[in-house]
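Residue-level listing of the chains:
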Amino acid sequence: MRTLAIIFALFISGLAARAQETAKDSTGTISVEIVNVTSDNGKIVYGIYTKDSFMKKPNFSKTAKIEDGKSVVTFTDIPAGEYAVICFHDKNDNNKMDFETNGMPQEDYGVSNNKLNPFGPPVWTDGKFTFDGNEEKISIRF
């Protein structure tokens, strides 16, 4: 009986380890939509960041057109993890965010969770979310 209990315990722990490994290795989709773009000129530039890459080079990026003040993009094969999304309206199609001489942005932007820092750039802790590797839908407002 004791041997049977040990074998059962090893079997259960093996299943748990495989489930954790599968969850770690799973990939899924993150869809991001913006519904309040001020014009259909230009495009929206989207970036998905980790804590280490935040406000630097995105881990995943895409651009999307704007139709009737809306833009939607879907990222596929994104591994489970902790991320933040930053996007901006590239009104003049120059593939970069433009700023005034005083450092204020000339183009609208947003961050996941819709928490913008009123005194500076987006903050990681405000925009981060945990992605389980399945499917995530995010709505950002400028």
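Provided above is the structure to which this section pertains.
The structure contained in this document is the topic of the report that follows. (Residues numbered from 1 in each chain as written. Predicted model: local features only at pLDDT ≥ 70, side-chain atom pairs only at ≥ 80, totals over all residues. Heavy atoms only, no water.)

## Looking at the nonpolar core
Formed by 19 residues in total, the largest nonpolar core has its most connected members in I30, V32 and Y46. Going through the elements one at a time, β1 (27-34), β2 (43-49), β4 (71-79), β5 (81-90), β7 (129-131) and β8 (135-140) are the ones with two or more residues in this core. When neighbours within four sequence positions are excluded, V32 is seen to be in contact with Y46, S71, V72, V73, F75, V85, I138 and I140. Membership of the second largest hydrophobic core comes to six residues, among which are Y49, A84, V111 and W124. (Core = buried A, V, L, I, M, F, W, Y, C linked by side-chain atoms within 4.5 Å. Buried < 20%, exposed > 50% of the residue type's maximum accessible area, 1.4 Å probe, protein only. Helix = DSSP H or I, 4+ residues; strand = E, 2+ residues; numbered from the N terminus. Contact = heavy atoms within 4.5 Å.)

## Considering the packing of aromatic side chains
For any two aromatic rings, the description comes down to two numbers: the centre-to-centre distance and the angle of the planes. Tallying each qualifying case throughout the model produces four aromatic pairs. Geometrically, the ring pair formed by Y49 and F54 is edge-to-face, given 6.0 Å between the ring centres and 75° between the ring planes. Considered together, Y49 and F54 belong to a single accessibility category, that of buried residues. Judged by centre distance (6.3 Å) and plane angle (70°), the rings of F60 and Y83 are edge-to-face. With F60 in strand β3 (residues 60-64) and Y83 in strand β5, this pair connects stretches of sequence that are 23 residues apart. A relative accessible area of 5% places Y83 in the buried class. (Phe/Tyr/Trp six-rings, centres within 6.5 Å; stacked < 30°, edge-to-face > 60°.)

Keep in mind these numbers describe shape, not what the thing actually does.
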